[in-house]
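Below, each chain spelled out in residue letters.
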Amino acid sequence: MAQLKVAQQKFGDSKENVKKMNNKESGKDILVPLTSSMYVPGTLENTESVLVNIGTGYFVEKGLKEAEQYFGRKVDLVTKQLELLQPKLLEKHKLKQAVQDMLNMKVQAQIQSQLGGIPAKT
């Protein structure tokens, strides 16, 4: 569930960044992220298309509108998967809780039966 939410956020961020590219001009100075906390200076060369990672190491060049639509579809797909997973996750949590409750009852019964055979100290 957490991984799907992270993927949903990344696709949403990518979609927003593609939208921002519509207003950019070629030759503009930008900072290119190498990691989440390290950037290098760069120059924007092509503002008409972007390379999109479609998975397993494959990249496809797409126009800005196509890329925005692609990321929109990905966000929708992940959102639908989250909606399908949520009820199943709640059901599994309820079953886990029922098993824990039953186990606790059995442990308490076992403790009571063991204490019942031992005289209480006063």
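This is a predicted model, so every value here is computed, not measured.

**Comments concerning the overall build of the protein**
Inference 1: Broken down by element type, the protein carries 2 helices and 4 strands.
Inference 2: Counting helices and strands in the order they occur from the N terminus, the protein gives α-β-β-β-β-α.
Inference 3: Along the three orthogonal principal directions, the C-alpha set of the protein runs to about 90 × 30 × 25 Å.
Inference 4: Counting every atom, the protein has about 10100 Å² of accessible surface; 57% of that belongs to carbon and sulfur.
Inference 5: Taken as two groups, the 18 positive and 13 negative side-chain charges of the protein have centres that lie 13 Å from each other.

**A few points about the side chain of Thr47**
Inference 1: With respect to the helices and strands, the residue Thr47 is situated in the loop between β2 (38-43) and β3 (49-55).
Inference 2: Here Thr47 is in contact with Met21, Lys24, Glu25, Ser26 and Leu64, once residues within four sequence places are set aside.

**What about the side chain of Ser49?**
Inference 1: Within the element layout of this structure, Ser49 appears in strand β3.
Inference 2: Residue class for Ser49 comes out buried when judged on its relative accessible area of 15%.
Inference 3: Within the structure, the side chain of Ser49 is placed 2.8 Å from the side chain of Asn46, a separation counted as a polar contact.
Inference 4: At 2.7 Å, the side chain of Ser49 and the side chain of Glu61 are in polar contact.
Inference 5: Discounting residues that sit within four places of it in the chain, Ser49 has contacts with Glu61, Lys62 and Gly63.

**Concerning the nonpolar core**
Inference 1: Core analysis: the largest hydrophobic core is formed by 9 residues, namely Val18, Met21, Leu44, Val50, Val52, Leu64, Ala67, Tyr70 and Phe71.
Inference 2: Where this core is concerned, the elements lending two or more residues are α1 (2-21), β3 and α2 (64-116).
Inference 3: Per element, the largest residue contribution to this core is 4 residues, and it comes from α2.
Inference 4: When sequence neighbours within four positions are dropped, the list of residues in contact with Val18 reads Leu64, Ala67, Glu68 and Phe71.

**A look at the pattern of salt bridges**
Inference 1: Going through the model one piece at a time under the given rule, you end up with 1 salt bridge.
Inference 2: Here Glu16 makes a salt bridge to Lys19, at a shortest N to O gap of 3.7 Å. Note that Glu16 and Lys19 are positioned in helix α1 at a spacing of 3 residues, about one turn of the helix.

So, how was this worked out
Along each chain, the written sequence defines residue order, and numbers are assigned to residues from 1. This being a predicted model, a pLDDT of at least 70 is required before a residue's local features are given, and a value of 80 or more before pairs of side-chain atoms are given or counted; all residues contribute to the totals for chains, interfaces and linings. For the side-chain quantities, the full set of heavy atoms in the structure was used; hydrogens and water were omitted. Numbering of helices and strands runs from the N terminus; a helix is a DSSP stretch of H or I covering at least four residues, while a strand is a stretch of E covering at least two. Here, Shrake-Rupley sampling with a 1.4 Å probe gives the accessible areas, and only protein chains in the shown set may cover a residue. Neither His nor the chain ends contribute to the count of charged residues, in which Lys and Arg are positive and Asp and Glu negative. For charged residues, the charge sits on one atom: NZ in Lys, CZ in Arg, CG in Asp, CD in Glu. Contacts were defined at the residue level, with two residues in contact if any of their heavy atoms lie within 4.5 Å. Burial classes follow relative accessibility: with a 1.4 Å probe on protein chains only, a residue under 20% of its type's maximum area counts as buried, one over 50% as exposed, and anything between as partly exposed. As used in this structure description, the phrase polar contact means that two N or O atoms lie within 3.5 Å; if the pair is within protein, one of them must be able to donate a hydrogen and the other to accept it, and residues adjacent in sequence are counted only when both atoms belong to side chains. Residues belong to one nonpolar core when they are buried, are Ala, Val, Leu, Ile, Met, Phe, Trp, Tyr or Cys, and are joined through side-chain atoms within 4.5 Å. The salt bridge definition used is simple: a Lys or Arg side-chain nitrogen within 4 Å of an Asp or Glu carboxyl oxygen.

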